[in-house]
Amino acid sequence: MQILVADNSTAIEKYVQKVLHHSHVKTLCIKDGLVAFNRALKGQFDIIFFGQQLSTLSGLACIAGLKTNAAHLKHFKCPYLVLTTSQVDVAHDKVGSMADQIIIKDQNYYEHI
């Protein structure tokens, strides 16, 4: 299994890597949304965590782009997409609802992962 973590937060990267270290899951961490989106298009990942606020391309834009590609390209299998955000209202947003799962960054954030 391969997981991509696209988030500006170094703390989140380290936490996800620490949690997944013992499961021998390959994890790649990228801070730039456009770079993460282009890597995701190669179809190498089973799960992708997108932070909402990334440089170059937001997590929401990445999710919308990947879902659109999956709908129009038969050879592209969309991975499981997780959006991490501190904005509760994003779950009800049209683009936010495209994510397979939304994890709210609150005081219980690390329990949600």
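Before reading on, note that the structure itself is shown above.
None of the values given here were measured: they were computed from a predicted structure.

**Q** Could you give me a rundown of the environment of Thr56, with the residues and numbers involved?
**A** Structurally, the position occupied by Thr56 is in the loop between strand 3 (47–51) and helix 3 (59–72). The exposed category is assigned to Thr56, whose relative accessible area is 56%. Not counting residues up to four positions away in its chain, the partners in contact with Thr56 are Asp32 and Leu34. Of note is the side chain of Thr56, whose polar atom sits 2.6 Å from the side chain of Asp32.

**Q** Describe the nonpolar core, listing the residues and the values that go with them.
**A** Core analysis: the largest hydrophobic core is formed by 19 residues, its most contacted members being Leu4, Ala36, Ile48, Phe50, Ile63, Leu66 and Leu81. Among the elements that line this core, the one with the most residues is helix 3, at 4 residues. Not counting chain neighbours up to four residues away, the residues in contact with Ile63 comprise Phe50, Leu81, Leu83, Met98 and Ala99. Judged by nonpolar contacts, the second largest core, of 10 residues, contains Ile12, Ile47, Phe49 and Val82.

**Q** Give a detailed account of the pattern of salt bridges, specifying residues and quantitative values.
**A** Taken as a whole and judged by the stated rule, the model has 1 salt bridge. With its nearest N and O atoms 3.1 Å apart, the salt bridge here joins Asp100 to Lys67. Residue Asp100 is found in the loop between strand 4 (80–85) and strand 5 (101–104), and its partner Lys67 is found in helix 3; the two are separated by 33 residues along the sequence.

**Q** Give me the lowdown on the environment of Lys14, citing residues and values where you can.
**A** Counting through the fold element by element, Lys14 comes out in helix 1 (residues 10–21). Remark: the alpha-carbon pair of Lys14 and Cys29, spanning 15 residues in sequence, is separated by 9.2 Å.

**Q** Residue-level account of the pairing of strand 2 (residues 26–30), with values.
**A** Strand residues, when the strand is regular, have side chains that alternate between the two faces of the sheet. In the sheet, strand 1 (residues 2–6) pairs with strand 2 via 5 bridges, with the strands oriented parallel. Residue Ile3 lies in a different strand from strand 2, and its bridge partner there is Thr27. Viewed along the sheet, the connection from strand 1 through helix 1 into strand 2 turns out right-handed.

**Q** Which residues make up helix 2 (residues 33–40), and what are the values?
**A** Within helix 2, the full set of buried residues consists of Gly33, Ala36, Phe37 and Ala40. Buried residues of helix 2, seen end-on, are gathered within an arc of 100 degrees and therefore sit on one face of the element. Tucked into the core, helix 2 has its buried residues touching strand 1, strand 2, strand 3 and helix 3. For helix 2, the capping residue at the N-terminal end is Asp32, with a side-chain oxygen 3.0 Å from the backbone nitrogen of Leu34.

**Q** How would you sum up the sheet that holds strand 1? Please name residues and give values.
**A** One open sheet accounts for 5 strands, arranged 2-1-3-4-5; its pairing is parallel. The open sheet has two edge strands with one neighbour each: strand 2 and strand 5. Pairs of neighbouring strands in the sheet enclose a mean axial angle of 15 degrees, with direction left out of account. Sheet topology places strand 4 next to strand 5; 4 bridges connect them, and they run parallel. Across the sheet, Thr84 pairs through a bridge with Ile103, a residue of strand 5. Here helix 1 sits on the sheet in contact with strand 1 and strand 2, set at roughly 180 degrees to strand 2.

What counts and what doesn't
Residues numbered from 1 in each chain as written. Predicted model: local features only at pLDDT ≥ 70, side-chain atom pairs only at ≥ 80, totals over all residues. Heavy atoms only, no water. Helix = DSSP H or I, 4+ residues; strand = E, 2+ residues; numbered from the N terminus. Buried < 20%, exposed > 50% of the residue type's maximum accessible area, 1.4 Å probe, protein only. Contact = heavy atoms within 4.5 Å. Polar contact = N/O pair within 3.5 Å; in protein donor to acceptor, adjacent residues only side chain to side chain. Core = buried A, V, L, I, M, F, W, Y, C linked by side-chain atoms within 4.5 Å. Salt bridge = Lys/Arg side-chain N within 4 Å of Asp/Glu carboxyl O. Pairing = 2+ DSSP bridges. Right-handed = clockwise from strand over helix to strand, strands pointing away. Arc of directions from axis to C-beta. Axes fitted to C-alpha atoms, helices over the stretch in contact; angles between N-to-C directions.

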